[in-house]
Amino acid sequence: GHSTNNMPLKAGRLGIGTSEPRATLDVRGAVNAETFYGLNDATVAYKFFDTDTTLYTFSGLNLRVGEAYKIIWHYHNKVSNHNVHMFVNGDETDANYWHAIEQVTGSFDSCGTFRAATAKMFSTGNNSDHIWVYDLRLTHDRRPMMMGHGHFSTPTSGLNTGANQSWRLGTWNHSIQTDAITTLKFDPTSTGAFGAGSYIRILKTM
């Protein structure tokens, strides 16, 4: 047999974790999903809300042109309907943002479209859970741009279309040029709050 790079070859057999493979492909040991995906290596920021929280800001970020963040968001809303905003680098002027979204509303085969000059990412349903996945990056002229998709469910209302809705975020833009995104502030405006059990995870993907 012949062995290179810890992958022995013996009589046409390949072994990983063993120098004496007993089958065509003989793998010893365990590889779990977290190790394979590399989640710990990719995560740059994480916040779990163990109590209701009205505002939260991630600081110390450093996203530049050519790079990207994936934002994975689970938002538990325990109160009435409200909007959720995201502000970049401390700029809280709604007129500097643009939000356009397609929302599945009354039934799963019909959509409504919404467009506004606002930093809003989405509106919540009453006593509902939201899951969102966003892709955030700087354009080549150094302006923040984001797209994503999400779903909300109101478990107490059963599995009907009004209680389970989905979104496709067409665009979310910030018009102010910057060399880096350094802070992201998440703001459940007016009556809102991150309900206990909510979390936000930010991963670097490029």
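Right, let's walk through the structure included here. (Residues numbered from 1 in each chain as written. Predicted model: local features only at pLDDT ≥ 70, side-chain atom pairs only at ≥ 80, totals over all residues. Heavy atoms only, no water.)

## A few points about the overall build of the chain
A count of helical and extended segments in the chain gives two helices and 16 strands. By residue count, 39% of the 206 residues in the chain fall in the buried class. When the accessible surface of the chain is split by element, carbon and sulfur atoms take 53% of a total near 11000 Å². (Helix = DSSP H or I, 4+ residues; strand = E, 2+ residues; numbered from the N terminus. Buried < 20%, exposed > 50% of the residue type's maximum accessible area, 1.4 Å probe, protein only. Areas by Shrake-Rupley, 256 points an atom, 1.4 Å probe, with all protein chains shown as cover.)

## A word on unusual backbone geometry
A positive phi angle, close to 50 degrees, is found at Asn89, a residue other than glycine. Tracing the chain through its elements places Asn89 in the loop between β8 (83-88) and β9 (97-104). With relative accessibility at 30%, the residue Asn89 sits in the partly exposed group. Its identity is not glycine, yet Asn127 carries a phi of approximately 50 degrees, on the positive side. Among the secondary structure elements, Asn127 is positioned in the loop between β11 (120-123) and β12 (128-138).

## Some points on the side chain of His130
Here His130 lies in strand β12. His130 sits in the buried class, given a relative accessible area of 0%. Here Ser128 takes part through its side chain, which lies 3.0 Å from a polar atom of the side chain of His130. Beyond its immediate stretch of four places on either side in the chain, His130 contacts Trp73, His74, Tyr75, Phe122, Ser123, Thr124, Gly125, His151, Phe152 and Trp167. (Polar contact = N/O pair within 3.5 Å; in protein donor to acceptor, adjacent residues only side chain to side chain. Contact = heavy atoms within 4.5 Å.)

## As for the sheet that holds strand β6 (residues 56-58)
One open sheet holds the four strands; their spatial order is β6-β15-β8-β11, and the pairing between them is antiparallel. Looking along the sheet, the strands with just one partner apiece sit at the ends: β6 and β11. For this sheet, the mean angle separating the axes of adjacent strands, direction not counted, is 15 degrees. Here β6 runs beside strand β15 (residues 184-188); their pairing, made up of three bridges, is antiparallel. When the sheet's bridge partners are listed, Tyr56 is paired in β15 with Phe186. (Pairing = 2+ DSSP bridges. Axes fitted to C-alpha atoms, helices over the stretch in contact; angles between N-to-C directions.)

## Concerning the nonpolar core
Of all hydrophobic cores here, the largest spans 33 residues; its most connected members are Trp73, Met121, Leu136, Leu184 and Phe186. Sequence-distant contacts of Phe186, that is, excluding residues within four places in its chain, are made with Leu55, Tyr56, Phe58, Ile71, Trp73, His85, Met86, Met121, Phe194 and Ile200. (Core = buried A, V, L, I, M, F, W, Y, C linked by side-chain atoms within 4.5 Å.)

## Description of the packing of aromatic side chains
What the rule picks out here adds up to 18 aromatic pairs. Between Tyr46 and Tyr199, the aromatic rings sit 6.1 Å apart at their centres with planes inclined by 35 degrees, giving tilted as the arrangement. On the criterion of sequence distance, the pair formed by Tyr46 in strand β5 (residues 43-48) and Tyr199 in strand β16 (residues 199-204) is long-range, its members being 153 residues apart. A residue is classified by how much of its surface remains accessible, and Tyr46, at 40% relative accessible area, is partly exposed. Exposure remark for Tyr199: the relative accessible area of 27% places this residue in the partly exposed category. Relative to Phe194, the ring of Phe49 has its centre 4.3 Å away and its plane inclined at 5 degrees; by these criteria the two rings are stacked. Taken together, the positions of Phe49 in the loop between β5 and β6 and Phe194 in the loop between β15 and β16 put the pair 145 residues apart, joining distant regions of the chain. One exposure class covers both Phe49 and Phe194, and it is buried. An aromatic cluster of at least three residues, connected via ring pairs, comprises Phe49, Tyr56, Phe58, Trp73, Tyr75, Phe122, Trp132, Tyr134, Phe152, Trp167, Phe186 and Phe194. (Phe/Tyr/Trp six-rings, centres within 6.5 Å; stacked < 30°, edge-to-face > 60°.)

All quantities given are derived from atomic positions and should not be read as evidence of function.
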